[in-house]
Amino acid sequence: MSESEDRQLSGGTRWRRFAAMMVPATVVAGGIVLGMANGAIAASFNVSGQTFKVGASELVGHDFKQYGGMVKEKDNTVHPVAVSEIGTAELHNLCQSVKSRVLGMDIVLTINAGGGGKPATAKGLLIDMESLEGNAEFTNIQIGRDATDLNEHALPKSFGQDADKVVIKDLEQVAWSTSAGTFTLNGLKLGLKVGADAKECF
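Read on for a plain summary of the structure. (Residues numbered from 1 in each chain as written. Predicted model: local features only at pLDDT ≥ 70, side-chain atom pairs only at ≥ 80, totals over all residues. Heavy atoms only, no water.)

## Quick look at unusual backbone geometry
The phi torsion at N93 lies on the positive side, around 55 degrees, for a residue other than glycine. Looking at the element boundaries, N93 is found in the loop between β3 (78–92) and β4 (94–102). Exposure remark for N93: the relative accessible area of 44% places this residue in the partly exposed category. In the Ramachandran plot, L103 falls in the positive-phi region, its phi being about 55 degrees despite a non-glycine side chain. Relative to the helices and strands, L103 is located in the loop between β4 and β5 (105–113). (Helix = DSSP H or I, 4+ residues; strand = E, 2+ residues; numbered from the N terminus. Buried < 20%, exposed > 50% of the residue type's maximum accessible area, 1.4 Å probe, protein only.)

## Describing the side chain of N151
Relative to the assigned elements, N151 resides in the loop between β7 (142–146) and β8 (159–179). Only 2.9 Å separates the side chain of N151 from the side chain of E85, close enough to count as a polar contact. At 2.8 Å, the side chain of N151 forms a polar contact with the backbone nitrogen of H153. Those residues in contact with N151, other than ones at most four positions away along the chain, are Y67 and E85. (Polar contact = N/O pair within 3.5 Å; in protein donor to acceptor, adjacent residues only side chain to side chain. Contact = heavy atoms within 4.5 Å.)

## Examining the state of the cysteines
All told, the structure shown has one disulfide when counted by the stated rule. Covalently, C95 is tied to C201 through a disulfide, its sulfur atoms 2.0 Å apart. Disulfide C95-C201: torsion about the S-S bond near -85 degrees, hence left-handed. Of this pair, C95 sits in strand β4 while C201 sits in the segment after β10 (189–194), placing them 106 residues apart in sequence. A residue is classified by how much of its surface remains accessible, and C95, at 15% relative accessible area, is buried. The partly exposed category is assigned to C201, whose relative accessible area is 24%. (Disulfide = S-S within 2.5 Å.)

Functional significance is not addressed by these values, which are geometric in nature.
Shown next as structure tokens:
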């Protein structure tokens, strides 16, 4: 096996199993709560208290980093998350949905973009996620790095990993927040679905 092949993970990797094996959630969550209490980790904004779903037929990202983190609601409720940083990303057939219940009715807000061979693009993408599934391929991945070498605000000696490139097909992600320096949504379509038609992305 060549060196480049040896440093590449490919073909049918189940992301949830990979993340569960690599990141002991209880240890990471406990350590990060302590880090936030000591001011070591700063939350950029209060999250809404409601997760949302993001699906894509394919995500192609460069300069990928991942480590444990925490998000906080306005009432100071905290949630452990897997933080993913991606320098540049393309998302094909992007779907984002959030479901609410209002006056006894289910209402789903959906955003679709990136179809027809014109993917949505992002720079400086930052995702605080609860779970992610898909078939992933990493190029030049390093697993088990000190998270502070990836982000200075991470907890010292906590788990981190990075890769030059990540490709995730059939992506299904549940997230608390997403931010980006720029986010271009080609072919943007926004819609509301009510009652029996209130279907999420997945």
